[in-house]
Amino acid sequence: PHASKWKLWDRTDVATTLSDRSTFSHKGSFGTGLLLAGSDEMPGSALLAGLGAMRTGIGKLVIGTSNFVASIISTRLPEATYWFDGLQKCAKGQLIQGVRAAAIGPGLNAPYLVEEAINCLWERDIPLLLDAGALMERNYTPREKPVVITPHPGEFSRMTGKSIEEIQSNRIQLASEYAINNQMIVVLKGTYTVIAYPDGTGVINTTGNHCLAKGGSGDTLTGMLLALLCTETDIKSAVANGVYLHGACADEIVKRKDARAVSISELTDVLGSVIQKLT
Ligand code: APR
Ligand code: MG
């Protein structure tokens, strides 16, 4: 990748690109996001992603998950609504009305259903985010609306057949190649998350720390990105801002307590003040 096409994403970039919220806005202005996440063994993934979405300004959130998962998480996320067994329904070609963007993958371990659900979502004219259980090696057909993938190095290895060592020593190059070849936005996670765009440009994130090295931090990011896909028009900066803010929350929290003691569900507790300080 050409160095001039890449930059570090900094606080000024966030402050200048995060859009203002109009006085005359209503929940419809900020869109409905569909989150297909959570399974009976991983109910918390849907909760963490849901908190991420709800606290990043989404208008409405519909979580497609099991009745069991919904009953666990709804007391801690009263703002969301549920589409029971949304994954199974989506896999059969059904979709709810009025969805502005969709994310699929956190806490999902049903590869066949996920594959069918992605096929259904792929045909819809909305931005799509694929994470975790939705990240597999596959051939993508071109589509109009943006696609964002958020692999950690292990998932990127599964998707590309390359070893984790090779990926980690060529993060920018490999993310950029994948983004260009598949025409998607690749968020290759880890310390200094790399965000590669389909036009060959990219940014590197500098926020975040090892308090994020815990199960559930990626799920939170997925929810935050879903909200930004629903609320922002410039998708390139929206994705970079989501990654920046997610890391900035972690940086804020470790000012006050040791990283070991941080629970991932605290991340979005500080998001409001982090955004206020930036903008
Ligand atoms: N410094 C900065 N950022 C970090 C660090 C670090 N040392 N460690 C982790 N992070 C960030 C990553 O950049 C990423 O944003 O934390 C997040 C971790 O995301 P995931 O690896 O997806 O973590 P997780 O939420 O546990 O994933 C849940 O989905 O990806 C699958 O196999 C995974 O089953 C697991 C589930
Ligand atoms: Mg993950």
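Residues numbered from 1 in each chain as written. Chains lettered and ligands numbered in written order. Predicted model: local features only at pLDDT ≥ 70, side-chain atom pairs only at ≥ 80, totals over all residues. Heavy atoms only, no water.

A. Spatial organisation of the nonpolar core. With 57 residues, the main nonpolar core has Leu61 and Ile195 as its most contacted residues. At the level of secondary structure, the elements contributing two or more residues to this core comprise α2 (43–54), β3 (60–65), α3 (67–73), β5 (99–104), β8 (185–188), α9 (217–231), α10 (235–253) and α11 (271–278). Ranked by the residues each element gives to this core, the list is headed by α10, at 11 residues. Counting residues in each nonpolar core, the second largest holds 39 residues, with Trp83, Phe156, Val186 and Ala196 among its members. (Core = buried A, V, L, I, M, F, W, Y, C linked by side-chain atoms within 4.5 Å. Buried < 20%, exposed > 50% of the residue type's maximum accessible area, 1.4 Å probe, protein only. Helix = DSSP H or I, 4+ residues; strand = E, 2+ residues; numbered from the N terminus.)

B. Here's a closer look at the site of ligand 1. By nearness alone, 20 residues border ligand 1, and Glu155, Lys189, Gly190, Gly216 and Gly218 come closest of all. Contact between ligand 1 and Asp219: an oxygen atom at 3.1 Å from a main-chain N or O atom of the residue. The fraction of the free accessible surface of ligand 1 (710 Å²) that becomes covered by protein chains is 74%. Looking at the shell around ligand 1 residue by residue, the class counts come to 4 nonpolar, 12 polar and 4 charged. (Near = heavy atom within 4 Å. Polar contact = N/O pair within 3.5 Å; in protein donor to acceptor, adjacent residues only side chain to side chain. Areas by Shrake-Rupley, 256 points an atom, 1.4 Å probe, with all protein chains shown as cover. Nonpolar A, V, L, I, M, F, W, Y, C, P; charged D, E, K, R; others polar.)

C. Up close: the packing of aromatic side chains. One pass over the full model with this rule turns up 2 aromatic pairs. Residues Phe156 and Tyr178 carry aromatic rings whose centres are separated by 5.5 Å and whose planes lie at 70° to one another, so their mutual orientation is edge-to-face. Taken together, the residues Phe156 in helix α6 (residues 153–160) and Tyr178 in helix α8 (residues 171–182) connect sequence positions 22 residues apart. According to the relative accessible area criterion, Phe156 is buried, its value standing at 1%. Taking the relative accessible area as the measure of exposure, Tyr178 reaches 11% and is therefore buried. Sitting over the face of the ring of Phe30, Arg21 holds its NZ or CZ atom 3.9 Å from the ring centroid. One residue, Lys236, lies across the ring of Tyr197, its end atom 4.9 Å from the ring centre. (Phe/Tyr/Trp six-rings, centres within 6.5 Å; stacked < 30°, edge-to-face > 60°. Lys NZ or Arg CZ within 6 Å of the ring centre and 35° of its normal.)

D. Spatial organisation of the pattern of salt bridges. Under the defined criterion, the tally for this structure stands at 11 salt bridges. Where Asp13 meets Lys7, a salt bridge forms, and the shortest distance between an N and an O atom there is 2.6 Å. Among the residues examined, Asp13 registers a relative accessible area of 14% and is labelled buried. On the basis of relative accessibility, which here comes to 37%, the residue Lys7 falls in the partly exposed class. The partner of Asp258 in a salt bridge is Arg260, and the shortest N-O contact between them spans 2.8 Å. Three or more residues are tied together by salt bridges with common partners; here these are Glu252, Lys255, Arg256 and Lys277. (Salt bridge = Lys/Arg side-chain N within 4 Å of Asp/Glu carboxyl O.)

Honestly, that's just the spatial picture; any functional story needs more than this.
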